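So you can see what is in the structure, the chains are spelled out below.
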Amino acid sequence: MKNLKNAFTLVEVLVAIVIGVISVAAAFSAYNYYSKSYSTVSQKLEVNSAARSALSIIAKDLRNAGYLDKNLEGNSNEGALTLKKAQEMLIQVKGKVGGKYSKADELTVWYSRSPKDRKQITYKLIQHKGKSDYYLAREEQTNPWGGANQYNSGNLVLVKYVDDFQVILKDKEGRVLTPVCRYPGSLEMSQGANTLVSGVKKCIHNQKLVHTAEVYLTVRSPKEIIKSNRKAKIVSGESGHGSDLTIPADKYHRDTYYVSVHTRNLAIPPVQSTSSVGSLGVGQGYNQ
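To start, this report covers the structure provided alongside it. (Residues numbered from 1 in each chain as written. Predicted model: local features only at pLDDT ≥ 70, side-chain atom pairs only at ≥ 80, totals over all residues. Heavy atoms only, no water.)

1. Side note on the overall build of the chain
For the chain, the helix and strand inventory stands at four helices and 15 strands. Taken across its 288 residues, the chain has 42% of its residues classed as buried. Within the structure as shown, the chain displays about 16,700 Å² of accessible surface, and the carbon and sulfur contribution to it stands at 53%. (Helix = DSSP H or I, 4+ residues; strand = E, 2+ residues; numbered from the N terminus. Buried < 20%, exposed > 50% of the residue type's maximum accessible area, 1.4 Å probe, protein only. Areas by Shrake-Rupley, 256 points an atom, 1.4 Å probe, with all protein chains shown as cover.)

Structure representation (structure tokens):
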């Protein structure tokens, strides 16, 4: 009986090796592609989630801006505070004071939660320690003028990797208001902050005219996720207001997020209401 031995020929072995290498290469390429895609999607999702969460918090503070408890006078824990002084501290935007490109705004709102507790909330861009990146910080102060229940949260990180932060305030006719502040900076002084309007400084007078606040927040991805370098153009707001930035070419993904908020405790919008005799008239607004 013949002794038969089964074996692969050299050609068959080489073909098998080639097929195996191709299969491994294809599998690695697919894994690498899906890994990068997942990283890109996850970073975009992270940016989107952080920005939207931040705008939600800012919107809440803007809706509270300017609310003064009717019993504030004589009951405040801030001994030196009078109602007249409190009415001068409602909302403030200081323009072009921060950020990597020195174009970002700083927003401050004031409101009283009760006669004993008045809030001062400030949003501004702060540089990460030892890095060139900036984050949007939120600082909350209770009774900032002193007295009982005084509290300062410090600068809490709201959103990381922020390239731009813009706030544009408008009256009920949709006209941009400038300046709007209690403590003017150099830009606000150039806009006539101390000019008297009906016996009141323009920067303080404008606070009670604010009907709408538009907020623009530009956030970039934590890591580089674009294949090749490209410039980024950031235009927030309208011509003459907001920012117009050209960021040097890099591989980061950026998105600008926007929210428009009605400041219900400041300028009163005319609303239609029905009088007792059945005719349509202009109401006083729902915040009084």
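2. Here's the deal with the nonpolar core
With 42 residues, the main nonpolar core has Ile 58, Leu 62, Ile 91, Leu 107, Leu 136, Phe 165 and Leu 217 as its most contacted residues. Contributing elements (two or more residues each) for this core: α1 (10-64), β1 (91-98), β2 (104-114), β3 (117-127), β4 (134-142), β7 (162-170), β10 (212-220) and β13 (254-262). Ranked by the residues each element gives to this core, the list is headed by α1, at seven residues. Once residues lying within four places of it in the same chain are set aside, the contact partners of Leu 136 are Ile 58, Tyr 123, Lys 124, Leu 125, Leu 156, Val 157, Leu 158, Val 159, Val 162, Phe 165 and Leu 217. (Core = buried A, V, L, I, M, F, W, Y, C linked by side-chain atoms within 4.5 Å. Contact = heavy atoms within 4.5 Å.)

3. As for the environment of Val 210
Inspection of the secondary structure assignment puts Val 210 in the loop between α4 (202-205) and β10. Between the C-alpha atom of Val 210 and that of Asp 171, which follows or precedes it by 39 residues, the distance is 4.8 Å. Those residues in contact with Val 210, other than ones at most four positions away along the chain, are Ile 91, Leu 169, Lys 170, Leu 177, Val 180, Thr 263, Leu 266 and Ala 267.

4. Some details on the state of the cysteines
Should the sulfur atoms of two cysteines be covalently bonded, the bond is a disulfide. What the rule picks out here adds up to zero disulfides. Of all cysteine sulfurs, the one in Cys 203 lies closest to Cys 181, which takes part in no disulfide; the gap is 4.0 Å. (Disulfide = S-S within 2.5 Å.)

5. Regarding the sheet that holds β7
Here we have three strands laid out as an open sheet, ordered β7-β10-β13, and antiparallel in their pairing. Lying at the two open borders of the sheet, with one neighbouring strand each, are β7 and β13. Each strand axis lies, on average, 10° off the axis of its neighbour in the sheet, ignoring direction. Sheet topology note: the β7/β10 ladder contains eight bridges and is antiparallel. In the strand pairing of β10, Ile 168 is matched with Glu 214. (Pairing = 2+ DSSP bridges. Axes fitted to C-alpha atoms, helices over the stretch in contact; angles between N-to-C directions.)

6. A word on the side chain of Asp 250
Structurally, the position occupied by Asp 250 is in strand β12 (residues 243-250). For Asp 250, a relative accessible area of 13% corresponds to the buried category. A distance of 3.2 Å separates a polar atom in the side chain of Asp 250 from the backbone nitrogen of Tyr 252. Those residues in contact with Asp 250 that lie beyond four places of it in its chain are Ser 228, Asn 229 and Arg 230. (Polar contact = N/O pair within 3.5 Å; in protein donor to acceptor, adjacent residues only side chain to side chain.)

7. Focus on the side chain of Glu 88
Within the element layout of this structure, Glu 88 appears in the loop between α2 (83-86) and β1. For Glu 88, a relative accessible area of 18% corresponds to the buried category. In contact with Glu 88, other than residues within four places in its own chain, are Arg 182, Ile 204 and Gln 207.

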